[in-house]
Amino acid sequence: MTSSELLQYCMAKPGAEQSVHSDWKATQIKVADVLFAMVKEVDGRPTASLKTSPELAELLRQQHDDVHPCRDLNKAHWSTVFLDGALPDSQIYYLVDASYQQVTELLPDSVRQQLLS
């Protein structure tokens, strides 16, 4: 998977907005101004940082060499996934969906309803 493919998938989510975090040299994808994905290069490789439950993050890190704690965000809740590694694209898409869902569930009902309409 490429960074542009992942960005395209993220931006197809309702309410998704893209911005650049210059300090981290990363593209951030937010919904209602809340981060759900961050795309950047780490050690010259394309990555995505995605929000997960701490339990899922730990499980993924144990099972996959291409999943690590995020350097820039809360390591318990955010994992960095190498896009050019052994993790199947379908699993990366699932993690994007899960991250988006976690974020939108925390939004006020009125904001969530606007996203759906």
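Preceding block: the structure.
Residues numbered from 1 in each chain as written. Predicted model: local features only at pLDDT ≥ 70, side-chain atom pairs only at ≥ 80, totals over all residues. Heavy atoms only, no water.

1. Observations regarding the pattern of salt bridges
Per the stated rule, a full pass over the model turns up seven salt bridges. Across the salt bridge formed by Lys-13 and Asp-97, the nearest N and O atoms sit 2.4 Å from each other. Highlighted residues: Lys-13 in the loop between α1 (3-11) and β1 (16-21) and Asp-97 in helix α3 (residues 89-105), separated in sequence by 84 residues. Judged by its relative accessible area of 28%, Asp-97 is partly exposed. Ionic pairing is found between Arg-112 and Asp-109, a salt bridge with its closest N-O pair at 2.2 Å. Of the two residues, Arg-112 and Asp-109 both sit in helix α4 (residues 109-116), three residues apart, roughly one turn of that helix. On the basis of relative accessible area, Asp-109 is assigned to the exposed category, the value being 51%. Among the charged side chains, a salt-bridge network with shared partners connects Arg-45, Asp-66 and Asp-84. (Salt bridge = Lys/Arg side-chain N within 4 Å of Asp/Glu carboxyl O. Helix = DSSP H or I, 4+ residues; strand = E, 2+ residues; numbered from the N terminus. Buried < 20%, exposed > 50% of the residue type's maximum accessible area, 1.4 Å probe, protein only.)

2. Considerations on the sheet that holds strand β3 (residues 34-42)
If you trace the six strands from one edge of the open sheet to the other, you get β1-β2-β3-β4-β6-β5, paired in antiparallel fashion. Strands with a single pairing partner mark the edges of an open sheet, and in this sheet they are β1 and β5 (67-69). Across the sheet, the mean angle separating the axes of adjacent strands is 25° when strand polarity is ignored. With three bridges connecting them, β5 and strand β6 (residues 78-82) associate as antiparallel partners. Across the sheet, residue Pro-69 finds its bridge partner in β6, namely Ser-79. (Pairing = 2+ DSSP bridges. Axes fitted to C-alpha atoms, helices over the stretch in contact; angles between N-to-C directions.)

3. Structural notes on unusual backbone geometry
One non-glycine residue, Lys-25, adopts positive backbone phi at about 50°. Tracing the backbone shows Lys-25 in the loop between β1 and β2 (26-31). Given the relative accessible area of 71%, Lys-25 is considered exposed. In the Ramachandran plot, Asp-33 falls in the positive-phi region, its phi being about 65° despite a non-glycine side chain. Examined against the element boundaries, Asp-33 turns out to sit in the loop between β2 and β3. Using a relative accessible area of 62% as the deciding quantity, one classes Asp-33 as exposed.

4. Quick look at the pairing of strand β4 (residues 45-51)
Most of β4 is tucked away: six of the seven residues are buried. Here β3 runs beside β4; their pairing, made up of six bridges, is antiparallel. Across the sheet, Ala-37 pairs through a bridge with Leu-50, a residue of β4. As paired elements, β4 and β6 share five bridges and run antiparallel to each other. Its bridge partner lying in β6, Ala-48 is registered against Val-81.

5. Structural notes on the packing of aromatic side chains
For the structure shown, the criterion picks out two aromatic pairs. Relative to Tyr-93, the ring of Tyr-9 lies with its centre 4.4 Å away and its plane at 45°, an arrangement referred to as tilted. Here Tyr-9 is found in helix α1, whereas its partner Tyr-93 is found in helix α3, with 84 residues between them in sequence. Residue classification places Tyr-93 among the partly exposed positions, given a relative accessible area of 26%. Between Phe-36 and Tyr-100 the ring centres are 5.2 Å apart and the planes differ by 80°, which places this aromatic pair in the edge-to-face class. One end of the pair, Phe-36, is in strand β3; the other, Tyr-100, is in helix α3, with 64 residues separating them in the sequence. Overall, the relative accessible area of 11% leaves Tyr-100 in the buried class. We note Lys-13 situated over the ring of Tyr-100; from NZ or CZ to the ring centre the distance is 5.7 Å. Between Arg-45 and the ring centre of Phe-82, over which it is positioned, the NZ or CZ distance is 4.0 Å. (Phe/Tyr/Trp six-rings, centres within 6.5 Å; stacked < 30°, edge-to-face > 60°. Lys NZ or Arg CZ within 6 Å of the ring centre and 35° of its normal.)

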